[in-house]
Amino acid sequence: MSDFEQRRHLMVDRQLVARGVDDVRVIEAMRRVHRHDFVPASLVDRAYDDTPLPIGHDVTISQPYIVGFMTQALELHPGDRVLEVGTGSGYAAAVLAEIADQVVTVESIAPLAEQARERLTACGDRIEVVSGDGSVGHPARAPYDAIVVTAAAPDIPPPLLDQLDHGGRLVLPVGDGVEQLVRVRRTDEGDVHERLLAVCFVPLTGRYGHGGDGHRSG
Ligand code: SAM
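Residues numbered from 1 in each chain as written. Predicted model: local features only at pLDDT ≥ 70, side-chain atom pairs only at ≥ 80, totals over all residues. Heavy atoms only, no water.

Let's talk about the sheet that holds strand S3 (residues 81-85)
Item 1. With mixed pairing, seven strands are arranged side by side in an open sheet as S5-S4-S3-S6-S7-S8-S9. In this open sheet, the two edge strands, each paired with only one partner strand, are strand S5 (127-131) and strand S9 (190-199). For this sheet, the mean angle separating the axes of adjacent strands, direction not counted, is 15°.
Item 2. One ladder, built from five bridges, connects S3 with strand S4 (residues 102-107); its direction is parallel. Across the sheet, the residue bridging to Leu 83 is Val 104, located in S4.
Item 3. Across the face of the sheet, helix H3 (residues 64-73) comes into contact with strand S6 (144-149), strand S7 (164-174), strand S8 (179-187) and S9 while running at roughly 165° to S9. (Pairing = 2+ DSSP bridges. Helix = DSSP H or I, 4+ residues; strand = E, 2+ residues; numbered from the N terminus. Axes fitted to C-alpha atoms, helices over the stretch in contact; angles between N-to-C directions. Contact = heavy atoms within 4.5 Å.)

Observations regarding the pattern of salt bridges
Item 1. Here the structure, examined in full by the defined rule, presents 18 salt bridges.
Item 2. Measuring nitrogen to oxygen at the nearest pair gives 3.9 Å for the salt bridge that ties Glu 28 to Arg 31. Note that Glu 28 and Arg 31 are positioned in helix H2 (residues 24-32) at a spacing of three residues, about one turn of the helix.
Item 3. Look at Arg 31 and you get buried, because its relative accessible area is 18%.
Item 4. A salt bridge links Arg 183 to Glu 75; the nearest nitrogen and oxygen atoms lie 3.5 Å apart. (Salt bridge = Lys/Arg side-chain N within 4 Å of Asp/Glu carboxyl O. Buried < 20%, exposed > 50% of the residue type's maximum accessible area, 1.4 Å probe, protein only.)

In short, the description is geometric, and any link to function would need to be established separately.
Spelled out as structure tokens, the structure:
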């Protein structure tokens, strides 16, 4: 077993399983995806640390536990179509694509989107990287079985609810400063909202992000 593989298994055992992530699909996905391929070369040695890491442009690759927790909260099944808002390094998209059939991931910082597109070519048609404002979702491929937002929104962006399929799950951090990770489940009885965890994320930009006109106008 290589050094990276050993560190990856330790990451999964100590940071995810020990803290209650128990969805076997998520655990296996995170054992498979090479996180060290998604961090800057200068930080490769820290790729499996229990922390977010800077990836340039004032944004981060999320802490492994948070990626595992959010992926588990999406309750993914094979065959699912997933929208991720906030591609960043592309790591979480690669994890999602280990479980779901189709992943559309939207990134507002063009060079990050381009870099992720190159990194994710190995995943073939299963991942589409879109450069643009994900706070409005990506209607061209809607509806989605699961939507995950990896930047903190001031409120739940209405377009994301519009693009969520019946039975779908939306997971996103909401707030400013310390945010609440919120899950919305679309059920026969209507949308069910749950608060899952206090988290800290970079802010969502764009139309329904902080200061966006969609947010201000309600
Ligand atoms: N999921 C990423 C990963 O695996 O590396 C981490 C994402 S990072 C915490 C949040 C990302 O959301 C940043 O790359 C940021 O540029 C992006 N972002 C913020 N607002 C956005 C928006 N309106 N549309 C798309 N991406 C956005």
